[in-house]
Each structure stands twice: as structure tokens, then as C-alpha cells.
Number of protein chains: 2
Amino acid sequence: MREAFHDQLDSVFNDLAAIADQVQTSVARATEALLNADAEVAEAVISGDADIDAARERVEEHSFSLLSLQQPVARDLRTLVAGLRMVAELERMGDLSVHVAKIARLRVPDTAVPEDAEPTIRRMAMVAELMVGKVARIIAERDVAGAAELASADEEMDELRRNSFRELLGADWPHGVEPAVDLALLGRYYERIADHAVSVANRVVYVVTGEPVVSSDA
Amino acid sequence: MREAFHDQLDSVFNDLAAIADQVQTSVARATEALLNADAEVAEAVISGDADIDAARERVEEHSFSLLSLQQPVARDLRTLVAGLRMVAELERMGDLSVHVAKIARLRVPDTAVPEDAEPTIRRMAMVAELMVGKVARIIAERDVAGAAELASADEEMDELRRNSFRELLGADWPHGVEPAVDLALLGRYYERIADHAVSVANRVVYVVTGEPVVSSDA
């Protein structure tokens, strides 16, 4: 019985890792839509979010049935509840990639990102995508050491966001209000994806070690 | 035993309602700091967030001990898990009020909100604050009918956000990039507070009726 239960828990975590993979693809394609002003790719990201939502629902139903039927306690209980929180955050990361895609779509045939602002946004997008990819592996392999790496990636993200603000609030910003607003919001979305990635990774650490990781999420 | 358990569940929901009250105060004071360029009030909001975080931790610990010791099933289990999700969202709403306070603090002694943009932001802030206040009552009284009212408040919020974008992206916007970026982010924060309020209210409906409420949160 216990062994079957742990197989079920593993299955939940494999599903979570698969959702993280889906989110990574969604973030990558949203960025592609953004930088190439590609409406078709943007639409695919927006409509594809329903798959992530459906995957979340399946994980939730599975977790609830395990909670009800197996009545786990202690560590098993905390693992299942952590899984429920992780899936909510992963879905939210998918929503944030949809927000990026919607800004891309809004500006087609133009691109929302002026050429000179592109390096910073491209790097933010890359850092976010890499972080989501790491989260998928951290979940799949219960990789506590990998979670520590995410913290430094998140610091780079914060630094990039400060750079981006310096660029668009600088006296020599030539592009006016609309691109500045788009970039501020895009920066916010990528930063939130990174925050959630750190949070999900910290929950894996908690599941493995039993020790909560203190992080400031505000 | 069951009766004692339901008393405990009631106690969790009372704690959740109390946290919603704290969040309402935090949103109101963040708005006050914003519109009055009041650094002292902004600091109070920022440091006061630790109380909301601590209250969240207490609810989580209580919920976990109920899950472990009482092994609830079916509706009781769903209620407790819903409570865990609600407390996470309430804490997040507190974080968002901190973001508002930080923008206020950043611009002191100026105000981040130009005079002609103030009516829209003031109304957004008011709608957000009212929604959080309603959520506190909805939680405390398991008020399913009240949850429906929140949906229309959320529609007003969306409309206000569109208005705000029209203002700051209009050809006659005289204030330049920085206030536009501040307003876009402020709009995002108030809108997210409203989204979470709707989500928390929907979870109460789910707890009471057993029927999930479908809402698009992206």
C-alpha cells in the first residue's frame, strides 16, 4: 500500500515536471513572438495555455484523490500539499507567458521592443526560460543543489530589471511612452516567472529536506 | 470529535477573514501613501507586511496540524486545502500593496500620480480596497451571494485599467515616460489585487457549494 502510494506521488511529480516543460516552451515561444512580431506564434501561445490549465486540473484531481483515499500524514502529506501549490504556480507562469504573447500580438506588425532595448529584454527572456527549464529538472530529479543555482539566476533577473528601468527612464530614451510601458510590463512578467521558478524550486527543497526555504517574494 | 474539528475549521476561516482585514488596511494605506506622497505611511505598509506573512504562517501550521491529526476527507479536506490556497493569495495581495507603497516611496516628495491621472487611479484603488473588504465578509460569513458581486467590481476594474492605458498612451499625454510607467505598474498591481479577491471569493463558493467556479485569471 505505502509503496503504491509512493509510486503515485512520483507520478504526480512527473506530471509537475511535464507541466514545467510545457511552461518552458510557452515562455520560449512567447519571447519568439515578441522579438519577431509573429502574430501566429503569439496566438499559439495564447490558445496553448488551455493545455497547461487542463494539465493542472488533472494533477489537482489526482492529488485530491490521493489525499482522500490514502490519508497521508507527515512528510507524505506535506509533499502532496506542496505539489498542489507548485502546480498553481506553474499554471501562473503559463499565464504570464500569455501576457507576454498578448503584448507581442498588440503591436504586430511592429515589435513591442525597440532595437536598442532588445539585448536586455532578450537576456531577461533567456534567464526566465532557463530558470523554468531548471525547475523542470529540479522537480523531476528532486535536485536540491539545482535549486540553489536558481537563486543566482534570480539575482541576474533583478539586475536586468534595474538595467531595463534605467534605459527606459533615462533622459536619452528616444522611443516615447508606449514602448516604455510595454517594456516595464514585459520586465514585470519575466521577473514574476523567475520569482515563481524560485518559489517552486524552494518547495522541492522543502519536500526533500523538510526545511522551509526562507525567501522574500515581494 | 467531528464537532471539535468543525470548530477548528471555523477558527481557520476566522483567521483568514482577519488576514483579509489586514490586507484591506494595507491596500488603503498604500493608496494613502501614494496619493499624498507620504513616506512614513509607505514605510508602515512595507514593514507591516511582516505581520501578514506571520499570520499566513500561523494559518498554514494550524491547517497542517488539522490535516495530519484529523485526517479529514471529502468536503472537510477540500475546505482545508482551499483555505491553504486562500491564505497564499491573501498574502500575495499584501505583497502587491507593498509594491504600491514602494512606488509611492520612490517618488517622495513628489507624487507618482499626476493630477489629471488621479481620478482613475483613485477609483481603481477604491475598487480594489472595497473588493478586499467584501472578501473578508465573504470568508467570515461564507457569503456565496457576495461572491457574485465581486465579479462586477472586477469588470469595473478591467474597464478602469483600459481607461488608464488610454490616458497614458494618448497623443496628448503631457507627463513623459516615468509617470506613465508608474501608472502602468500601479494599474497592474491594483488589477492583480482584484483578480486575487475574485479568486479567493470563488474558493469560498467552492467550499460552500462543492462546485468549482470557472474564471479566467490570465
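The rules behind each value
- Residues numbered from 1 in each chain as written.
- Chains lettered and ligands numbered in written order.
- Predicted model: local features only at pLDDT ≥ 70, side-chain atom pairs only at ≥ 80, totals over all residues.
- Heavy atoms only, no water.
- UniProt positions renumbered as here; feature names shortened; annotations may be inferred.
- Phe/Tyr/Trp six-rings, centres within 6.5 Å; stacked < 30°, edge-to-face > 60°.
- Lys NZ or Arg CZ within 6 Å of the ring centre and 35° of its normal.
- Helix = DSSP H or I, 4+ residues; strand = E, 2+ residues; numbered from the N terminus.
- Contact = heavy atoms within 4.5 Å.
- Buried area = accessible area lost by both parts, 1.4 Å probe.
- Salt bridge = Lys/Arg side-chain N within 4 Å of Asp/Glu carboxyl O.
- Polar contact = N/O pair within 3.5 Å; in protein donor to acceptor, adjacent residues only side chain to side chain.
- Nonpolar A, V, L, I, M, F, W, Y, C, P; charged D, E, K, R; others polar.
- Buried < 20%, exposed > 50% of the residue type's maximum accessible area, 1.4 Å probe, protein only.
- Core = buried A, V, L, I, M, F, W, Y, C linked by side-chain atoms within 4.5 Å.
- Expected span 1.5 Å × (residues − 1).

As annotated in an unreviewed UniProt entry, chain A carries the name Phosphate-specific transport system accessory protein PhoU and comes from Nocardioides donggukensis. In its Sequence similarities (unreviewed entry) section, UniProt records this for chain A: "Belongs to the PhoU family." Quoted verbatim from the Function (unreviewed entry) field of UniProt, the annotation for chain A is "Plays a role in the regulation of phosphate uptake."

## Things to note about the packing of aromatic side chains
The full count for this structure, using the stated rule, is 0 aromatic pairs over all chains. Against the face of Phe64(B) rests Arg78(A), its NZ or CZ located 4.4 Å from the ring centre.

## Some thoughts on the UniProt feature "domain: PhoU" (unreviewed entry) in chain A
Residue and element names in this part refer to chain A. The feature "domain: PhoU" (unreviewed entry), as annotated in UniProt, sits at residues 19-103 and 121-204 in this numbering. End C-alpha atoms of residues 19-103 are separated by 23 Å, and the span's content is 94% helix alongside 0% strand. Secondary structure across residues 121-204 divides into 89% helix and 0% strand, with the first and last C-alpha atoms of the span separated by 29 Å.

## Re the interface of chain A and chain B
Contacts between chain A and chain B engage 38 residues on the former and 38 residues on the latter. The junction of chain A with chain B conceals about 3100 Å² of combined surface from both sides, 59% of it contributed by carbon and sulfur atoms. Between the two partners, chain A and chain B, sit 4 salt bridges. For Arg78(B), the salt bridge is made with Glu61(A), and the minimal N-O distance between the two is 3.8 Å. On inspection of chain A and its partner chain B, the count reaches 2 residue pairs in polar contact (both at pLDDT 80 or more). At the level of elements, helix H2 (39-70), helix H3 (74-107), helix H5 (144-169) and helix H6 (177-209) of chain A are the ones that each hand at least two residues to the side of chain A that touches chain B. With 11 residues, H3(A) is the single largest residue contributor to the side of chain A that touches chain B. Among the residues forming the side of chain A that touches chain B, the class breakdown is 20 nonpolar, 4 polar and 14 charged.

## Description of unusual backbone geometry
Backbone torsion omega between Val108(A) and Pro109(A) reads 10 degrees, so that peptide bond is classified as cis. As for its position among the elements, Pro109(A) is in the loop between H3 and helix H4 (118-141). Not every positive phi belongs to a glycine, and Ala37(B) is a case in point at roughly 50 degrees. Tracing the sequence through the fold places Ala37(B) in the loop between helix H1 (2-36) and helix H2 (39-70). On the accessibility criterion, Ala37(B) (18% relative accessible area) is buried. Of note in the backbone geometry, Ala74(B) takes a positive phi value of approximately 45 degrees without being a glycine.

## Things to note about the pattern of salt bridges
Taken as a whole and assessed by the stated rule, the structure comprises 38 salt bridges over all chains. Across the salt bridge formed by Glu60(B) and Arg85(A), the nearest N and O atoms sit 2.8 Å from each other. Taken together, the residues Glu60(B) in helix H2 and Arg85(A) in helix H3 connect one chain to another. Here Glu60(B) and Arg85(A) have matching classes, each one buried. Here Arg107(A) ties to Glu178(A) by a salt bridge, and the two come within 3.4 Å at their closest N and O atoms. With a gap of 71 residues between them, Arg107(A) in helix H3 and Glu178(A) in helix H6 connect regions that are remote in the sequence. What makes Glu178(A) partly exposed here is its relative accessible area of 33%. Through salt bridges that share partners, Arg56(A), Glu60(A), Glu91(A) and Arg85(B) make up one connected network.

## Brief notes about the nonpolar core
By size, the foremost hydrophobic cluster in this structure holds 156 residues, and its most contacted members are Leu34(A), Ile139(A), Tyr190(A), Leu34(B), Ile139(B) and Tyr190(B). What Ile139(A) contacts, discounting residues up to four positions off in sequence, is Phe13(A), Leu16(A), Ala17(A), Ala20(A), Met86(A), Leu90(A), Val200(A) and Val204(A).

## Focus on the environment of Glu61(A)
All names here are of chain A. Positionally, Glu61 belongs in helix H2. A residue is classified by how much of its surface remains accessible, and Glu61, at 45% relative accessible area, is partly exposed. Here the alpha-carbon distance between Glu61 and Leu84, two residues 23 residues apart in the chain, equals 9.8 Å.

## Remarks on H4(A)
The terminal C-alpha atoms of H4(A), which comprises 24 residues, lie 34 Å apart, in line with the 34 Å expected from a rise of 1.5 Å per residue. Of the residues flanking the end of H4(A), it is Arg142(A), one or two places downstream, whose phi is positive at about 45 degrees.

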